[in-house]
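Spelled out, the chains give:
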Amino acid sequence: MSKESTTLDLVRLARQGYEAVSRGDFDAVMSLFVADAVYDLSDAGLGTFEGVEAIRRFFEDWHGSWEERRFEEEEILDLGHGVVLSVVRESGRLVGGDGRVEQRLAQLATWASGKI
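Because the structure is a prediction, the values reported are computed rather than measured.

A. Expanded view of the side chain of serine 91. Looking at where serine 91 falls in the secondary structure, it is placed in strand E4 (residues 83-94). Setting aside anything within four residues of it in sequence, one finds serine 91 in contact with Trp66, Glu68, Arg69, Arg70, Arg100, Val101 and Glu102.

So this is what it looks like as structure tokens:
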């Protein structure tokens, strides 16, 4: 009899999170975070957000700053021990802007029991 793996598919969970961000489903996004999660964007000059309420506000504000937006996952890797590396590309036009913006991001997330 074969044994089914009880290991969580963190790549699948991360992909679901990015898909939820793309469609603006912040309830689905926030369901992936533990209550006291920290989202550190200080290297990008955007600050550090502590707790799901602050993280959600950041995601909602960021999402709302785009007139049109495309979000693509280029690569998502499970590095082991609950660490996932994601490389994503975000492009579009900001609210009130005429030009297009594109950025490529690499993010590390630490997961435990299916939560960031």
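B. Focus on helix H3 (residues 52-64). In this model, H3 (13 residues) spans 18 Å end to end at C-alpha, consistent with the 18 Å of a helix rising 1.5 Å per residue. Regarding H3, the residues found buried are Ala54, Ile55, Phe58 and Phe59. Looking straight down H3, one finds its buried side chains confined to an arc of 135°; they lie on one side. Those residues of H3 that are exposed and angled more than 90 degrees off the buried face are Glu53, Asp61 and Gly64.

C. The pattern of salt bridges, seen in detail. Evaluated as defined, the whole model comprises eleven salt bridges. For the salt bridge of glutamate 73 with arginine 15, the shortest nitrogen-to-oxygen distance reads 3.6 Å. Here glutamate 73, found in strand E3 (residues 66-80), pairs with arginine 15, found in helix H1 (residues 10-23); they are 58 residues apart in sequence, far enough to count as distant. Residue class for glutamate 73 comes out partly exposed when judged on its relative accessible area of 25%. Note on arginine 15: relative accessible area 34%, which makes it partly exposed. Across the pair arginine 23 and aspartate 25 runs a salt bridge, and its minimum N-O distance is 3.5 Å. A relative accessible area of 53% means that arginine 23 is categorised as exposed. Residue classification places aspartate 25 among the partly exposed residues on the basis of a relative accessible area of 26%. Through salt bridges with shared partners, a single network forms among Glu74, Arg89, Glu102 and Arg104.

D. Expanded view of the packing of aromatic side chains. Inspection of the entire model under this criterion finds eight aromatic pairs. Ring plane angle 55° and centroid distance 6.2 Å describe the contact between phenylalanine 33 and phenylalanine 59, whose orientation is recorded as tilted. Highlighted residues: phenylalanine 33 in the loop between helix H2 (26-30) and strand E1 (38-40) and phenylalanine 59 in helix H3, separated in sequence by 26 residues. Considering the side-chain rings of phenylalanine 58 and phenylalanine 59, the 5.9 Å spacing of their centres and the 55° angle between planes classify their relative orientation as tilted. A relative accessible area of 11% places phenylalanine 59 in the buried class.

E. Focus on H1. A rise of 1.5 Å per residue sets the reference length of H1, with its 14 residues, at 20 Å; its end C-alpha atoms lie 20 Å apart and thus fit the reference within 8%. For H1, the full list of buried residues reads Leu10, Val11, Leu13, Ala14, Gly17, Tyr18, Ala20 and Val21. In this structure, the buried side of H1 is in contact with H2, H3, E3, E4 and strand E5 (101-110). Between the side-chain oxygen at the start of H1 and the backbone nitrogen of valine 11 there is a gap of 3.3 Å, and the oxygen is on aspartate 9. Directly after H1, the chain includes glycine 24, whose backbone phi takes a positive value near 75°.

F. Broad picture of the pairing of E4. Pairing analysis gives twelve bridges linking E3 to E4, with the strands arranged antiparallel. Counterpart to glycine 80 in the pairing with E4 is valine 83. Taken together, E3 and the strand that follows it, E4, pair antiparallel across an intervening segment of two residues, in which histidine 81 is found at a positive phi of about 55°. As paired strands, E4 and E5 are joined by ten bridges and run antiparallel to one another. In the strand pairing of E5, serine 91 is matched with glutamate 102.

Reading guide: rules and limits
- Residues numbered from 1 in each chain as written.
- Predicted model: local features only at pLDDT ≥ 70, side-chain atom pairs only at ≥ 80, totals over all residues.
- Heavy atoms only, no water.
- Helix = DSSP H or I, 4+ residues; strand = E, 2+ residues; numbered from the N terminus.
- Contact = heavy atoms within 4.5 Å.
- Expected span 1.5 Å × (residues − 1).
- Buried < 20%, exposed > 50% of the residue type's maximum accessible area, 1.4 Å probe, protein only.
- Arc of directions from axis to C-beta.
- Salt bridge = Lys/Arg side-chain N within 4 Å of Asp/Glu carboxyl O.
- Phe/Tyr/Trp six-rings, centres within 6.5 Å; stacked < 30°, edge-to-face > 60°.
- Polar contact = N/O pair within 3.5 Å; in protein donor to acceptor, adjacent residues only side chain to side chain.
- Pairing = 2+ DSSP bridges.

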